[in-house]
Amino acid sequence: MSSTTPPHIDQPIEPTAPAQGAEQHGAGAHSDGGWDAPDKKIPVQTRSERFQSGDLEAFPTVTGREVNWKFAPLAKLQPLLDGGLDGSAYRFLARQSDGADVEWGRSDDPRVGTAGLPEDRAAAAAWTARDAVLAVTITATEAHEFINITRSDFGTQPRAAHTVITAEPHAQGIVVLDNRGSALLSENIEIVVQDGARLTVVSLQDWDDDAVHVSTHFAEVGRDAFLKHVVVSLGGDVIRVNPSTHLGAQGADTEMYGVYFADAGQYIEQQVYVNHDAPNTRGRVNYKGALQGKGAHTVWIGDVLIGRAGDGTDSYEQNRNLVLTDGTRADSIPNLEIETGNIEGAGHASATGRFDDEQLFYLQARGIPEEEARRLVVLGFLVEVIQKIGAPELEERLIAAVEQELAEGRSVIVAPAEADA
């Protein structure tokens, strides 16, 4: 089905957050993580203390000195930070099962804000600019529901988008957001997994080479519910996808995966946050990336908070980067904050390195040419995460895309024939 663009929907007035929050968010007054005000002695990287608001004016101008912007190419992102974005509805193509629904809602849809609020100026600019909300709902049926939404018509002007994905109690299904074409886009994606539901959300970035995409994902996971969140970033000039998951009910469970491949001059960033805020929650974070070509730059920042209510938490996060050529840069920063000692376990890990010479030697000793051996090593490295998606058709597409990256330096993902039916 194809969407039609509805008429302009009036933008409601967002509540304004307390003024002191704007001072916190900028992290401007710090030396070793402290704050000037006596009551603001908070480590600058503490995610749980970041200011949140849907009001663009509550956030100061981004300078690049802020902890959450220090790596980003601000010159390319500036149009998405200034405000005045086009937040109207856009055309998309959806393929779905009977238990999945997608519709346009008003900008004041009551579901907006149920999963979180912006923590930075880019997300706030998109939040303020929205004129319509794309609402995706997975209902509880006996089947494993699915919906694939292809978005390829954003154009080159600064745009905003807002999506709310809801899995109703005890529903199960998968939602795929397939991004293509050109874009200068800032968006917010809210994910609500209600009690007992099991949901997989896949965000696939296969933009054209000129695309600039900033995306903030907020997830709220209910009691005994499960969210699998997957970010795949391949094509585009600048990609910044920041997912956060709040495990705010007993037994909430999340697995957050990421696969990315950066080519020459390409910038890919992910800032991942898991907040264990209830007893007996579980979190697993595993991001893997490959870099090739001069100027390829990836950033991964992983934050895990085990709050005072997080008794029985079981949490682990890791990031692995494989460097294929000279001239690349991979920044990887895992952070773990624990406020209770009564947990099952918690840990984090990060590593960046080149090919394992022993693996290459093993393959070449069995008659496999060096170029083919390198291809197999990279595929084996990334496919481990791709196969976690649980959708064979999509997994095959992504494996083919990685092979195309290795062959040509850019991804070319061919859509399944069913998507055009």
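Heads up: the structure comes first, above all this text.
Here goes a summary of the coordinates provided. (Residues numbered from 1 in each chain as written. Predicted model: local features only at pLDDT ≥ 70, side-chain atom pairs only at ≥ 80, totals over all residues. Heavy atoms only, no water.)

**Topic: unusual backbone geometry**
Right, so step 1: With phi around 65°, His 170 is a residue other than glycine that occupies positive phi space.
Right, so step 2: Inspection of the secondary structure puts His 170 in the loop between strand S5 (158-167) and strand S6 (172-179).
Right, so step 3: In this structure, Asn 280 is a non-glycine residue whose phi angle is positive, near 60°.
Right, so step 4: Residue placement: Asn 280 occurs in the loop between strand S13 (267-276) and strand S14 (282-291). (Helix = DSSP H or I, 4+ residues; strand = E, 2+ residues; numbered from the N terminus.)

**So, the sheet that holds strand S4 (residues 145-151)**
Right, so step 1: With respect to topology, nine strands assemble into an open sheet ordered S1-S4-S6-S8-S10-S12-S14-S16-S18, the strand pairing being mixed. Of all the strands in the sheet, the pair left with one neighbour each is strand S1 (93-96) and strand S18 (345-353). Averaged over all neighbouring strand pairs, the angle between strand axes comes to 5°, with direction disregarded.
Right, so step 2: Alignment of S6 against strand S8 (residues 198-206), held across eight bridges, turns out to be parallel. From the neighbouring strand, Gly 173 faces S8, where its bridge partner is Leu 199.
Right, so step 3: Of the strands in this sheet, strand S12 (253-262), S14 and strand S16 (314-323) are in contact with helix H5 (residues 370-386), which crosses S14 at around 150°. (Pairing = 2+ DSSP bridges. Axes fitted to C-alpha atoms, helices over the stretch in contact; angles between N-to-C directions. Contact = heavy atoms within 4.5 Å.)

**Topic: the pattern of salt bridges**
Right, so step 1: For the coordinates displayed, the defined rule picks out 21 salt bridges.
Right, so step 2: The closest approach of N and O atoms between Asp 178 and Arg 180, which form a salt bridge, is 2.8 Å.
Right, so step 3: Given the relative accessible area of 1%, Asp 178 is considered buried.
Right, so step 4: Salt-bridge contacts for Glu 384 lead to Lys 288; the nearest nitrogen and oxygen are separated by 2.3 Å. On the criterion of sequence distance, the pair formed by Glu 384 in helix H5 and Lys 288 in strand S14 is long-range, its members being 96 residues apart.
Right, so step 5: We classify Glu 384 as partly exposed; its relative accessible area is 38%.
Right, so step 6: Given the relative accessible area of 8%, Lys 288 is considered buried.
Right, so step 7: Connected via shared salt-bridge partners are Glu 103, Asp 109 and Arg 111. (Salt bridge = Lys/Arg side-chain N within 4 Å of Asp/Glu carboxyl O. Buried < 20%, exposed > 50% of the residue type's maximum accessible area, 1.4 Å probe, protein only.)

**Some details on the layout of surface pockets**
Right, so step 1: Size it by volume and the largest pocket reaches roughly 380 Å³.
Right, so step 2: If you trace the largest pocket, you find 22 residues lining it, with Phe 146, Ile 174, Val 176, Gly 390 and Ala 391 closest to the centre.
Right, so step 3: Of all the secondary-structure elements, those providing two or more residues to the lining of the largest pocket are S4, S6, S8, strand S10 (226-235) and helix H6 (392-408).
Right, so step 4: Looking at the second largest pocket, its volume works out to about 280 Å³.
Right, so step 5: Lining the second largest pocket are 20 residues, and of these Gln 52, Glu 119, His 246, Tyr 273 and Asn 275 sit closest to its centre.
Right, so step 6: Listing elements by their share of the lining of the second largest pocket, those giving two or more residues are strand S9 (212-221), strand S11 (238-247) and S13.
Right, so step 7: Residues that form the lining of the second largest pocket fall into these classes: six nonpolar, eight polar and six charged. (1 Å grid on protein atoms, 1.4 Å probe; cavity = no way out; pocket = protein on both sides within 12 Å on 5 of 7 lines; lining within 4 Å. Points joined across faces, edges and corners; volume = space filled by probe spheres on them. Nonpolar A, V, L, I, M, F, W, Y, C, P; charged D, E, K, R; others polar.)

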